[in-house]
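Single-letter residue listing:
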Amino acid sequence: MATVITNIGSLLTNDPSLGTVEDAAVVIEGEHIAWVGPADRAPAADVRHDARGRAALPGFVDSHSHLVFAGDRTAEFNARMSGRPYSAGGIRTTVAATRAATDAELDANVARYIAEALRQGTTTVETKSGYGLTVEDESRALRIAAAHTDEVTYLGAHIVAPEYADDPAAYVDLVTGPMLDACAPHARWVDVFCEQGAFDGDQARAILTAGAKRGLVPRVHANQLHHGPGVRLAVELGAASADHCTHLTDADVDALAQGTTVATLLPGAEFSTRAAYPDARRLLDAGATVALSTDCNPGSSFTSSMPFCIAVAVREMGMTPDEAVVAATLGGAKALRRDDVGRIAPGARADVTLLDTPSHVHLAYRPGVPLVSAVWQRGVPV
Ligand SMILES: [Zn+2]
């Protein structure tokens, strides 16, 4: 069965040979795009959807989230935004709640936030473990994540587990040994939080290298809170993505510009912690590939909204509206090394987001407004 979405006022394809097509149509057959072009030349289809002149774009690709968690950190956020000291345990609070949760509770949470993202136009979501920090709890998190997405990341190295606070080297041995054995079958990626107070460059290298030996492709939480070795390590190891990239030296920017590692920027984290934003303009001008993502997690960025990230990136990070929308679609696909999503072209997966506006620029122009009017995921209207 074929579906034609026709009368699209402005279609952003992210395909170099198609560009942005005015008065466009898209034909979907099964899970894939079969045809893209001017509406008046579209082939016949079984089902016709009239876009009534509105804008369409590829479904958003959110390449960085932490959705397998339980518990609530409202009080921590409230204290931070109220200028009050707050001594509870940050990530450790979520670790304790996640360990105590049932499989069904964690599964329901993942389903809820993926559905929430889908309503906002996100059709591909990566998500991570990292709130279990035991062999059992990390592998459980990955099994639960894998029931909802193919893009699953082993982040046993989120922080040193509380039980190993006095012996971080032993925790690295666990993460690169028995925990990796239990987790590798359920994951595509391996990640590490390379940061002061989490894992240093040598530890991060050991963890990423061990994961790579088990067939997991590295991605790195890098240079979020301070300058450090994360970005250059990511590029050196051929990581798919260096995520955050908030504190960069010229050497870091050069490495990203010359390597194949995508710079994934997560403005929800800076927004939610009142921190300085990463400089997307500097990265783009240097020639780096930039992705935008939510970092959706209960502590530092509790948003599943890619439109929100686009608006902040344009307002605060020097991106043009076009650059931000491309980073949230094609950029995310590159950060996940996918060429079947993030673009609308024959053969691509039929993930299409229709806006209730004449242009995708409205995603930045009308911040906070629910502009997504329809979404097709794998060819199915949702
Ligand atoms: Zn993260």
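Residues numbered from 1 in each chain as written. Predicted model: local features only at pLDDT ≥ 70, side-chain atom pairs only at ≥ 80, totals over all residues.

A. Up close: the sheet that holds strand β8 (residues 151–157). As summarised here, the arrangement of the eight strands in space is β6-β7-β8-β9-β10-β11-β12-β13, forming an open sheet in which the pairing is parallel. Where the open sheet ends on each side, the last strands, each with one partner, are β6 (60–62) and β13 (290–292). Each strand axis lies, on average, 25° off the axis of its neighbour in the sheet, ignoring direction. Inspection of the sheet shows strand β9 (residues 189–194) paired to strand β10 (residues 217–222) by six bridges, in the parallel sense. Its bridge partner being in β10, Trp189 is matched across the sheet by Val217. In this fold helix α3 (residues 103–119) packs onto β6 and β7 (122–128), with an angle of close to 145° to the strand it touches most, β7. (Pairing = 2+ DSSP bridges. Helix = DSSP H or I, 4+ residues; strand = E, 2+ residues; numbered from the N terminus. Axes fitted to C-alpha atoms, helices over the stretch in contact; angles between N-to-C directions. Contact = placed C-beta atoms within 7 Å.)

B. How the structure looks around helix α13 (residues 321–335). For α13, built from 15 residues, the straight-helix expectation of 21 Å at 1.5 Å per residue is met to within 8% by its first-to-last C-alpha distance of 20 Å. Taken across its 15 residues, α13 has 13 buried, putting it largely inside the fold. Backbone geometry just downstream of α13 places Arg337 in the positive-phi region, at approximately 50°. (Expected span 1.5 Å × (residues − 1). Buried ≥ 20, exposed ≤ 12 C-beta atoms within 10 Å, placed from the backbone.)

C. A look at the environment of Leu208. Note that Leu208 resides in helix α7 (residues 201–213). Taking the number of C-beta atoms within 10 Å as the measure of exposure, Leu208 has 28 and is therefore buried. Placed 12 residues apart in sequence, Leu208 and Val220 show a C-alpha to C-alpha distance of 8.5 Å. When neighbours within four sequence positions are excluded, Leu208 is seen to be in contact with Val190, Val192, Pro218, Val220 and Leu237.

D. Expanded view of the confidence of the model for the protein chain. Summing up the model confidence of the protein chain, the mean pLDDT is 97 and the portion of residues at 70 or higher is 99%. Looking across the protein chain, the model is least confident in helix α1 (residues 74–81), with a mean pLDDT of 94, and most confident in β6, with 99. (pLDDT = per-residue confidence, 0-100.)

E. Representation of the UniProt feature "binding site: Zn(2+)" (unreviewed entry) in the protein chain within the structure. UniProt's entry tags His64, His66, His221 and Asp295 with the feature "binding site: Zn(2+)" (unreviewed entry), counted in the numbering of this structure. Spatial clustering of the annotated residues is evident: they stretch over 232 residues in sequence, but the largest pairwise C-alpha distance comes to 12.2 Å. In this structure, His221 sits in strand β10. Sequence-distant contacts of His221, that is, excluding residues within four places in its chain, are made with Asp191, Val192, Phe193, Cys194, Glu195, Gly230, Asp243 and His244. Here Asp295 lies in the loop between β13 and α12 (306–316). By C-beta crowding, Asp295 is classed as buried, having 27 other C-beta atoms within 10 Å. Every residue in contact with Asp295, bar those within four places of it in the chain, is listed here: His64, Ser65, Leu266, Gly268, Ala269 and Ser301. (UniProt positions renumbered as here; feature names shortened; annotations may be inferred.)

F. How the structure looks around the nonpolar core. Core analysis: the largest hydrophobic core is formed by 123 residues, its most contacted members being Val26, Ala56, Val220, Ile310, Ala313 and Ala324. At eight residues, α13 tops the list of elements feeding residues into this core. In contact with Ala313, other than residues within four places in its own chain, are Leu265, Pro267, Ala280, Leu292, Met319 and Ala324. (Core = buried A, V, L, I, M, F, W, Y, C linked by C-beta atoms within 7 Å.)

G. Looking closely at the packing of α3 against helix α4 (residues 135–146). Contact geometry of α3 with α4 gives a least axis separation of 10 Å together with a crossing angle of 45°. In terms of their interaxial angle, α3 and α4 are classed as oblique. At the point where α3 passes α4, the crossing takes the right-handed sense. Mapping the contact onto sequence places Asp103, Leu106, Asp107 and Val110 in α3 and Arg140, Ile144 and Ala145 in α4. Class assignment for the residues of the contact of α3 with α4 results in four nonpolar, no polar and three charged. (Parallel < 35°, antiparallel > 145°, perpendicular 65-115°, else oblique. Left-handed = near helix turned anticlockwise from the far one by under 90°. Nonpolar A, V, L, I, M, F, W, Y, C, P; charged D, E, K, R; others polar.)

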